[in-house]
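A structural walkthrough
One-letter residues, chain by chain:
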Amino acid sequence: MIAFRKAHPALRPANFYSSVDNNGNVMEQLRWFKPDGGVADASYFNNADNHAIAWRIDGTEFGDTASAIYVAHNAWSAQVNFTLPWPGAGKNWYRVTDTCPWAEGASQVAAPGSEALVGGETTNYGLCGRGTLVLIAK
């Protein structure tokens, strides 16, 4: 994961992420999502009963090789289904890692270029309790 972070400038911004689209590709630098794919707002963040969150970073704003990076985290004890957001025009989501027990082993973190296809916008992904998922769009 350290190598993954080093390989993606979008994970090392010079300034805080903003919620604006600076390059006109209809994707904000950073957007927060609820598991159902809707945008997480203040009422979602302020509800102590919510235990899952996701965010998407627009890699194109940072000269990244991934057009977007998506991270989902499930702090709940049971599986939560995440509806994936738009990965960018003509792009699909590919799994870099899933920390759930089914993925444990030497290839839990995919080598660059060997990421498994997950799907596009509105694809559902079941994430185990206490799991974290990292996807890239390409």
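By convention here, each chain's residues receive numbers from 1 onward along its written sequence. Per-residue local features of the predicted model are confined to residues with pLDDT of at least 70, and side-chain atom pairs are confined, for both listing and counting, to 80 or more; whole-chain, interface and lining totals are unaffected and use all residues. In computing side-chain values, all of the structure's heavy atoms are included and hydrogens and water are not.

**What to know about the environment of L133**
In this structure, L133 sits in strand 8 (residues 132-137). The class for L133 is buried, based on a relative accessible area of 0%. Along the backbone, L133 and T99 are 34 residues apart, and their C-alpha atoms lie at a distance of 6.6 Å. Working rule for contacts: check all heavy atoms of both residues, and any pair within 4.5 Å makes them a contact. Non-local contacts of L133, meaning those with residues more than four positions away in its chain, are made with Y70, V71, A72, R95, T97, D98, Y125 and L127. Counting from the N terminus, the helices are the DSSP runs of H or I reaching at least four residues and the strands are the DSSP runs of E reaching at least two. Type-normalised accessible area, obtained with a 1.4 Å probe on protein chains alone, sets the label of each residue: buried when under 20%, exposed when over 50%, and partly exposed for intermediate values.

**Considering the sheet that holds strand 1 (residues 30-33)**
Two strands are said to pair when DSSP picks up at least two bridges between them. Reading across from one edge, 1-2-3-8-5-6 is the order of the 6 strands in this open sheet, with antiparallel pairing throughout. Strands at the two margins of the open sheet, each flanked by one partner only, are strand 1 and strand 6 (116-119). Within this sheet the neighbouring strands show an average axis-to-axis angle of 30°, counted without direction. Of the strand pairs in this sheet, strand 2 (residues 52-58) and strand 3 (residues 68-74) are connected by 7 bridges, and their pairing is antiparallel. Following the sheet pairing, I57 is matched in strand 3 by I69. Axes, fitted as lines to C-alpha atoms, cover a helix only where it is in contact. Angles between the N-to-C directions of the axes lie from 0 to 180 degrees.

Taken by themselves, the reported measurements are silent on function.
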